[in-house]
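Analysis of the macromolecular model
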Amino acid sequence: MFYREAGQFKTTYAADQQLLPIPMDKWFVIAVALFALIVVPMIGSQYWLESILLPVLILSIAAIGLNILTGYCGQLSLGTGGFMAAGAYMSYKIATNMPDFLPVWAPILGGGLFAAAIGVVFGLPSLRIKGFYLAVATLAAQFFLSWLFQKVPWFVNNSISGVPSAPSETIFGVYVTGAQASPEAKYVFVLVFVIVLALLARNLVRSRIGRSWMAIRDMDIAAELIGIRPLQTKLSAFAISSFYCGVAGALWSFCYINTVEPTAFDIDRSFQVLFMVIVGGLGSILGSFFGAAFIFLLPIVLNNVPAWFGLTLATDVVSHLEFMVFGAAIIFFLIVEPHGLARLWQIAKEKLRLWPFPH
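Residues numbered from 1 in each chain as written. Predicted model: local features only at pLDDT ≥ 70, side-chain atom pairs only at ≥ 80, totals over all residues. Heavy atoms only, no water.

Points about the overall build of the protein
Under the convention used in this document: Helix numbering and strand numbering both begin at the N terminus, where a helix is a DSSP run of H or I of at least 4 residues and a strand a DSSP run of E of at least 2. The atom set for the radius of gyration is the C-alpha atoms, and the globule formula is 2.2 Å times the number of residues raised to the power 0.38. A simple rule labels every residue: compare its accessible area, found with a 1.4 Å probe on the protein chains alone, to the largest value its type can have, and call it buried under 20%, exposed over 50%, or partly exposed in between. Contacts between residues were defined by any pair of non-hydrogen atoms, one from each residue, lying within 4.5 Å. Areas reported here follow the Shrake-Rupley algorithm with a probe of radius 1.4 Å; residue values treat only the protein chains shown as occluding.
The number of helices and strands found in the protein is 14 helices and two strands. By the compact-globule yardstick of 21 Å for 359 residues, the protein fits well, its C-alpha radius of gyration being 21 Å. Referenced to the eigenvectors of the C-alpha coordinate spread, the extents of the protein come out at roughly 60 × 50 × 45 Å. In the protein, which comprises 359 residues, the share counted as buried stands at 47%. Considering only contacts in the protein between residues 6 or more positions apart, those separated by 24 or more positions represent 77%. In the form shown here, the protein has an accessible surface area of approximately 18,400 Å², with 69% of it arising from carbon and sulfur atoms.

What follows is the structure, given as structure tokens:
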């Protein structure tokens, strides 16, 4: 039976190859990337660039990382905030002590690698436990890392406040991180990371290692019987996922909040990224972007919609309304459309392709 299941997995993947983006979609993606990279910084206001697009892009990186682990490899994690904190604190440590000849992106990648190493350590239990128990183990990582970065002053260079400001770094004389950087420079800097990491994730899930992740996710016993090593496969997913989360945490501190503080990466951040993956679509790179935009923008929309209709709602009512809408959206996508907004986008594209003469 297991060999038959393994054969079905290969057949399914071969069939999925027919559903990969056609050249027209590739040109569309390239056009969108160029528009975001060239036109948006020219026409976007400071509010849109700094308060809307920046956090959505950074959270999209974290959502892609968690999607690799949960959506493609099937390993549930609640420690995303802790891994983001690991990337932020180590990036700060490297940036404030690195030689002048190192490029500005070196501390951010260094923080990502540090987070990847921590992810491998906390991913070791995944060989023996799964599901709810693995989620509890990663939740322990969240609390342990939050405690560690608050109690060990080495990570913040013995700062008295414990919340140091992010260093301002330049590329060709233009500040791209810290409080001195302009919104346009920070937006372009973050967008380059998003494009590179999204393309890397897209190619990873199509490669041999991506197929191994999906085999472990669908049936780990059958995957082991056909020669896939569970420990190496799961640890690679934890490492790459934590790397993405570490890079997102570094960018969050360096380009968005301009400080390195533990409260920015608490347990609420872990649940927020998990909701992004669920709503956007498990096992979808595009869904990570949809989920990040939906979850981050929903509170902003709910705070402004009543005013558009001349209604005045108390702050506590709006806050409770956010939780109600979040809960309803998550239940809806889990029951009605488990593949999330990415699947709805796919359906809409198919309908538009056949419109106005469906068959």
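Re the side chain of Ser253
By the element assignment, Ser253 lies in helix H10 (residues 230-257). What makes Ser253 buried here is its relative accessible area of 0%. Discounting chain neighbours no more than four positions away, the residues touching Ser253 are Ala88, Ala166, Asn258, Thr259, Val260 and Phe265.

A look at the packing of helix H4 (residues 80-95) against H10
Under the convention used in this document: The angle between two axes is taken between their N-to-C directions and runs from 0 to 180 degrees, where each axis is a line fitted to C-alpha atoms and a helix contributes only its stretch in contact. Roughly parallel refers to an angle under 35 degrees, roughly antiparallel to one over 145, roughly perpendicular to one between 65 and 115, and oblique to any angle outside these ranges. Definitions for this section: a left-handed crossing has its near helix turned counterclockwise from the far helix by less than a right angle. A right-handed crossing has that turn clockwise.
Put simply, H4 and H10 touch, their axes get as near as 7 Å, and they point 60° apart. With respect to H10, the element H4 is oriented oblique. As H4 runs across H10, the sense of the crossing is right-handed. Residue-level inspection shows Thr80, Phe83, Met84, Gly87, Ala88, Ser91, Tyr92 and Ala95 of H4 in contact with H10, the latter providing Ser242, Cys245, Gly246, Ala248, Gly249, Ala250, Ser253 and Phe254.

Re the state of the cysteines
Where we set the bar: When two cysteine sulfur atoms lie within 2.5 Å, the pair is treated as a disulfide.
For the structure on display, the rule yields zero disulfides. Cys245 forms no disulfide, and the closest cysteine sulfur to it belongs to Cys73, at a distance of 14 Å. A residue is classified by how much of its surface remains accessible, and Cys245, at 1% relative accessible area, is buried.

A short note on the environment of Phe114
Positionally, Phe114 belongs in helix H5 (residues 106-123). The exposure class assigned to Phe114 is partly exposed, which follows from its relative accessible area of 24%. Between the alpha carbons of Phe114 and Ser242 there is a distance of 8.8 Å; along the sequence they are 128 residues apart. Setting aside anything within four residues of it in sequence, one finds Phe114 in contact with Ala86, Met90, Phe149 and Phe155.

With respect to unusual backbone geometry
Located in the positive-phi region is Phe172, a residue other than glycine, with phi close to 55°. Position of Phe172 among the secondary structure elements: in the loop between strand E1 (170-171) and strand E2 (174-175).

Concerning the confidence of the model for the protein
Put simply, the rule is: Across the chain, each position has a pLDDT score giving the predictor's confidence in that residue, from 0 to 100.
Scored by pLDDT, the protein comes out at a mean of 86, with 92% of its residues at no less than 70. Residue range residues 1-23 is modelled with pLDDT below 50. Its contacts to residues more than four positions away, or to other chains, number 20 contacts.

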